[in-house]
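Observations on chain architecture
For reference, the chains in residue letters:
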Amino acid sequence: MNDTTQQTRRILAKLAQAKAADPKLEVFGSNTHGYALHAPAKPQALNDFEARLAITLPTAYRQFLLDVGNGGNGSNSSGAGPFYGVYGIGNSMGAMQGDSLAKAVAKPCVLSPGMSPADWDALVAHVGLDGKLDDEAYDQAVDTLFGGLLPIGSQGCSMYHGVVLNGPYRGRVVNFDMERSGPPVFAFEPDFLAWYERWLDEVIAGDLQRGPPGSATRAEGRKLRCSAAG
């Protein structure tokens, strides 16, 4: 049994522990997904998804979909996960859909950890989003700014978490705001599975803030906060 298989089995066990640790579903977003996931994806479904978007899913994220689960009954068909959960392949991708998603994910990822507000403002200006643009030019600039990023879940309003598909930070999870309120916040874990398991550990330990939608978790909500409406 390889390390990844051991980790996915551990995650499955911890999902049950997390639900038991939060029986009233008080952790932010848990009342939408209920710590449940649909059955894992079939390899062919992932192959078809990758072919349609001309991408290769990062190994850890792909393994989660194959071994743990693929979406659920939560918001936008999300399954158990941080904030409003994690999307399933083939369901709504939230921030970018259809043709826009296909164009954006094929672009290089221009985001990086530790970007300062000045770095962020310079990048926004570089792609042209600080000027007046027609609809087509605006969409192209947004696709460039968030290129190489597959949205995998919603944090409410215009805020999402995604997984980087290419470049030096491939496989990392990043929190970002489609309304560009500030720099992206990269999770410190090296891949999706480590990020997901850390969330489970925090739920089990009682380290996540309880409260109504709009309250933020201690670990994830440092910069991306919103009075979530759904």
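Look up: the structure comes first, before these words.
Keep in mind that this is a model prediction, so the values were computed, not measured.

Considering the side chain of glutamate 189
Following the sequence through the fold, glutamate 189 ends up in the loop between strand E4 (185-186) and helix H8 (192-205). Not counting chain neighbours up to four residues away, the residues in contact with glutamate 189 comprise Arg172, Ala194, Trp195 and Arg198.

What to know about helix H4 (residues 59-67)
When we look at burial in H4, the residues that qualify are Ala60, Tyr61, Arg62, Phe64 and Leu65. Contacts from the buried residues of H4 go to helix H3 (43-53), strand E1 (149-156), strand E2 (159-164) and H8.

A few points about the packing of H4 against H8
Two quantities define a packed helix pair, namely the angle between the helix axes and the distance between the axes. Running from N to C, H4 and H8 point in directions that differ by 60°, and their axes come no closer than 7 Å. Between H4 and H8, the angle falls in the class oblique. On H8, the residues that touch Ala60, Tyr61 and Phe64 of H4 are Phe192, Leu193 and Tyr196. When grouped by side-chain class, the residues that make up the contact of H4 with H8 number six nonpolar, no polar and no charged.

Things to note about the sheet that holds E2
Taken in spatial order, the four strands line up as E1-E2-E3-E4 in an open sheet, and their pairing is antiparallel. Every other strand in the sheet has two partners, leaving E1 and E4 as the edge strands with one partner each.

Structural notes on unusual backbone geometry
Of note in this structure, alanine 54 is not a glycine but carries a positive phi near 55°. Inspection of the secondary structure puts alanine 54 in the loop between H3 and H4. The class for alanine 54 is exposed, based on a relative accessible area of 66%.

Thoughts on H8
With 14 residues, H8 ought to run about 20 Å at 1.5 Å a step, and its terminal C-alpha atoms sit 20 Å apart, in line with that. Within H8, 11 of the 14 residues are buried, which leaves it mostly tucked inside the rest of the structure. Among all positions in H8, only Phe192, Leu193, Ala194, Trp195, Tyr196, Glu197, Arg198, Trp199, Leu200, Glu202 and Val203 are buried. Of the surrounding secondary structure, the elements contacted by the buried residues of H8 are helix H1 (3-21), helix H2 (30-33), H4, E1, E2 and strand E3 (173-177). Of the residues flanking the start of H8, the one acting as N-cap is aspartate 191, its side-chain oxygen 3.2 Å from the backbone nitrogen of leucine 193. Positive phi shows up at glycine 206, right after H8, with a value of about 80°.

The rules behind the values
- Residue numbering note: each chain is counted from 1, following its sequence as written.
- Confidence filtering applies because this is a predicted model: local features only for residues at pLDDT of at least 70, side-chain atom pairs given and counted only at 80 or more, and all residues used for totals across whole chains, interfaces and linings.
- Side-chain measures here rest on the full set of heavy atoms in the structure, leaving out hydrogens and waters.
- We count a stretch as a helix when DSSP gives it H or I for four or more residues in a row; a strand needs E for two or more, and each element gets its number in order from the N terminus.
- By the convention used here, residues are in contact when the closest approach between their heavy atoms is within 4.5 Å.
- Note on classification: 1.4 Å probe, protein chains only; a residue is buried when its accessible area is under 20% of the maximum for its type, exposed when over 50%, partly exposed between these limits.
- Between the N-to-C directions of two axes lies an angle of 0 to 180 degrees, each axis being a line fitted to C-alpha atoms and, for a helix, fitted only over the stretch in contact.
- Roughly parallel here means an angle under 35 degrees, roughly antiparallel means over 145, roughly perpendicular means 65 to 115, and every remaining angle is called oblique.
- Basically, the charged four are Asp, Glu, Lys and Arg, the nonpolar ten are Ala, Val, Leu, Ile, Met, Phe, Trp, Tyr, Cys and Pro, and anything else, Gly included, counts as polar.
- Strands pair, by our definition, only if DSSP identifies at least two bridges between them.
- To estimate the expected span of a helix, count its residues, drop one, and scale the result by 1.5 Å.
- Contacts described as polar in this section are N or O atom pairs within 3.5 Å, which, within protein, must combine one atom able to donate a hydrogen with one able to accept it, while residues neighboring in sequence count only if both atoms come from side chains.

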